[in-house]
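# Structure at a glance
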Amino acid sequence: MRRLQLRPGITLAAMGVVLDGMRVKHRLRGGESAFSVLARAAACGRSLNE
């Protein structure tokens, strides 16, 4: 089983949030940077650190 590594500024609860049709955890596993995911969330008016 692969362990999920949390990224700075993104809570565990936010891993299930869908941004532009893809969950946050899948974006991070796919190689998208945490900064990119946070910027995408901000553009959508979402917060991933609450």
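Overview of the structure. Here the residue index of a chain counts from 1 through its sequence in written order. Local features are withheld for residues below a pLDDT of 70 in this predicted model, meaning they are given only at 70 or higher, and side-chain atom pairs are given and counted only at 80 or more; totals for whole chains, interfaces and linings count all residues. No hydrogens and no water enter the side-chain calculation; it runs on all heavy atoms of the structure.

Along the protein chain, the regular secondary structure elements total two helices and two strands. Mapped in sequence order, the helices and strands of the protein chain form the string β-β-α-α. Within the protein chain, contacts between residues at least 6 apart in sequence are counted, and of these 42% link residues at least 24 apart. Secondary structure elements are defined from DSSP: runs of H or I of at least 4 residues count as helices, runs of E of at least 2 residues count as strands, and each element is numbered from the N terminus. When checking whether two residues touch, look at their non-hydrogen atoms; a contact exists if any pair is within 4.5 Å.

Right, let's get into the side chain of Glu32. Along the polypeptide, Glu32 turns up in the loop between α1 (24–29) and α2 (34–43). We call two N or O atoms a polar contact when they sit within 3.5 Å, provided that within protein one can donate a hydrogen and the other can accept it, with sequence-adjacent residues counted only if both atoms are side-chain atoms. In this structure the side chain of Glu32 is engaged in a polar contact, spanning 3.2 Å, whose partner is the side chain of Arg40. In contact with Glu32, other than residues within four places in its own chain, are Arg27, Val37 and Arg40.

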